[in-house]
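Descriptive structure summary
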Amino acid sequence: MKIGVLAVQGAFIEHAKMLTDLGVEPVEIRQLNDLTEDLSGIILPGGESTVMGKLLGELGMQEPLKKKIQEGFPVFGTCAGLILLADQIENPTKKQSNLKTMHITVRRNAYGRQLGSFYATADFADEKDVPMTFIRAPYISQAADGVEILSQVDGKIVAAREGNQLVTAFHPELTDDLRVHQYFLENIVRKA
Ligand code: GLN
């Protein structure tokens, strides 16, 4: 099985490594032609959502990817990837251009400067004590009906799922715990 990892900007190598560890072949997605039919899903990594959104537009990938996701293509967005999928952003940058496929509202850089980066452990879906690394992370401030909340830290939603779309505000790929990626593969990709 092949899973794409958007590789135009940000922390994609760590996701690719996690997929390899789970026996899946990662495919770096750098241009529209890389979005081939044999992919079973895609990961949108952390990085800078404004830059990633802009590059997706310039590379002509924004609309095709949006259409695929709306048609059920499994997608997992971490941090900036979560912001790319959110249909509402409380505090967008002027140039923010997003896929807007998931019915959530996010707050960018939501934890303030002193808490710019932090580490926590929390439950994620049925998994206990999942390690979570947050880097200038967003959180989900509102979720529509139909969005399943998978994890909360300090009362803030930090992971959610809507059908074929999974998002985390934290970076599971920066830990050595494979359970969040495994959840994506088992509950979304293999059931798509
Ligand atoms: N703050 C970044 C943004 O707005 C996200 C940070 C991250 O992905 N680690 O895109």
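Since the structure is predicted, the reported quantities are computational estimates derived from the model, not experimental observations.

**Quick notes on the overall build of the chain**
A count of helices and strands for the chain gives five helices and 12 strands. By the compact-globule yardstick of 16 Å for 192 residues, the chain fits well, its C-alpha radius of gyration being 15 Å. Its C-alpha atoms put the chain at 40 × 40 × 30 Å along the principal axes. Across the 192 residues in the chain, those meeting the buried criterion constitute 53%. Roughly 8700 Å² of accessible area belongs to the chain as shown, and the carbon and sulfur atoms make up 46% of that amount.

**Re the nonpolar core**
If you look at the biggest cluster of nonpolar residues, it comprises 62 residues, and the most contacted ones within it are Leu44, Ile104, Phe124, Met132 and Phe134. Residue contributions to this core peak at six residues, all from helix α5 (residues 179-189). In this view, Phe124 contacts Val130, Met132, Leu150, Ser151, Ala159, Leu166, Thr168, Phe170, Val180 and Tyr183; residues no more than four positions away in its chain are not counted.

**Examining the pairing of strand β8 (residues 127-135)**
Each regular strand displays side chains that alternate between the two surfaces of the sheet. The sheet contact formed by strand β7 (residues 117-124) and β8 spans seven bridges and is antiparallel. Within β8, the position partnered with Phe118 by the bridge is Phe134. The turn linking β7 back onto β8 is made up of two residues, and Ala125 within it adopts a positive phi angle of 50°.

Conventions we followed
- Residues numbered from 1 in each chain as written.
- Predicted model: local features only at pLDDT ≥ 70, side-chain atom pairs only at ≥ 80, totals over all residues.
- Heavy atoms only, no water.
- Helix = DSSP H or I, 4+ residues; strand = E, 2+ residues; numbered from the N terminus.
- Rg over C-alpha atoms; globule rule 2.2 N^0.38 Å.
- Buried < 20%, exposed > 50% of the residue type's maximum accessible area, 1.4 Å probe, protein only.
- Areas by Shrake-Rupley, 256 points an atom, 1.4 Å probe, with all protein chains shown as cover.
- Core = buried A, V, L, I, M, F, W, Y, C linked by side-chain atoms within 4.5 Å.
- Contact = heavy atoms within 4.5 Å.
- Pairing = 2+ DSSP bridges.

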